[in-house]
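Read off the chains here:
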Amino acid sequence: IGAGEREDAPDHERPNREIKLGHVYAIGKFEVTVGEWEACVRTTACPSVRTGYKLGEDHDVQRRPIVNVSWNQAQSYVKWLTKETGFAYRLPSEAEWEFAARAGSEARYFFGEEIDRLCMYANGADRGFKSWLFPGNETCADKHAAVAAPVGSYKPNDYGLYDVHGNVWEMVQDCYSSRLADLPEDGHARDGDKDCTVRTARGGSWMSGPDALRSSARNAFGDDHQRSTLGFRVVRTMTEGPP
């Protein structure tokens, strides 16, 4: 994993780290949606959160990714899902996430290098997004200028996963480290079962320019932070649970 595709990558993406995944896992085709989160809320296992979507006006709201949930709250969801299904669910590790997002590609994006193709695959900061803080991609328009899109609105990667570039930053299990060398060589999460106040997110969001949408892009956030740009997808460990 890492930003081997570019020489000017940030230090926390370099040098590349060779990791061998010694286990089988399944990762969510989509980011966890509002509708899926609300199923957990109805059992009282998850807290109700304010997504910022216009619930009365947005017919697609149930298919939009859940946002404004913290890493700690996401743990409540995977515990509930594990109990409901009998299978072991969790957040992915950084290595699992990047392996799945790249889908065999070593380029900046799973589809190649061209930023003018991003709008076919990702909801990011496009030419319709105006902010002095986050310059947009002036080469194309993705039709969702300042909000997370319903999951699956763009083309998937070669593994059939949607929205690994953009839409929302996706929380992973790892405690954040500024050094890729600190990540376990077997692909498991770094201190994922321990208490730490800073976690890692991957993939960029609807507010991210092309650089933050790369497969190797990393972000750090507090485990209690809630943002309109932060969500998650889940992993199921295939060697656990019912046959």
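Residues numbered from 1 in each chain as written. Predicted model: local features only at pLDDT ≥ 70, side-chain atom pairs only at ≥ 80, totals over all residues. Heavy atoms only, no water.

**With respect to the state of the cysteines**
Then, in step 1: If you walk through the whole model with that rule in mind, you get 3 disulfides.
Then, in step 2: For Cys-40, the disulfide goes to Cys-46, at an S-S distance of 2.0 Å. Looking down the S-S bond of the Cys-40 and Cys-46 bridge, the torsion is 75°, so its handedness is right-handed.
Then, in step 3: A relative accessible area of 5% places Cys-46 in the buried class. (Disulfide = S-S within 2.5 Å. Buried < 20%, exposed > 50% of the residue type's maximum accessible area, 1.4 Å probe, protein only.)

**Re the sheet that holds strand β1 (residues 25–27)**
Then, in step 1: Overall, antiparallel pairing links the 3 strands, which are arranged β1-β7-β2 in an open sheet. Of all strands in the sheet, those with a lone pairing partner are β1 and β2 (89–90), marking the two edges.
Then, in step 2: Relative to strand β7 (residues 235–237), β1 runs antiparallel, the two being bridged by 3 bridges. When the sheet's bridge partners are listed, Ala-26 is paired in β7 with Arg-236. (Pairing = 2+ DSSP bridges. Helix = DSSP H or I, 4+ residues; strand = E, 2+ residues; numbered from the N terminus.)

**A word on unusual backbone geometry**
Then, in step 1: Unlike most non-glycine residues, Asp-163 shows phi in positive territory, near 65°.
Then, in step 2: Mapping Asp-163 onto the fold places it in the loop between α4 (118–121) and β3 (169–175).
Then, in step 3: The exposure class assigned to Asp-163 is buried, which follows from its relative accessible area of 2%.
Then, in step 4: Look at Asn-167: it is not a glycine, yet its phi comes out positive at around 75°.
Then, in step 5: Structurally, the position occupied by Asn-167 is in the loop between α4 and β3.

**A look at the pattern of salt bridges**
Then, in step 1: Following the criterion strictly, the structure yields 11 salt bridges and no others.
Then, in step 2: Between Glu-96 and Arg-90 there is a salt bridge, with the nearest N and O atoms lying 2.9 Å from each other.
Then, in step 3: A salt bridge links Asp-211 to Arg-214; the nearest nitrogen and oxygen atoms lie 3.1 Å apart.
Then, in step 4: Of the residues examined, Asp-211 reaches a relative accessible area of 38% and is grouped as partly exposed. (Salt bridge = Lys/Arg side-chain N within 4 Å of Asp/Glu carboxyl O.)

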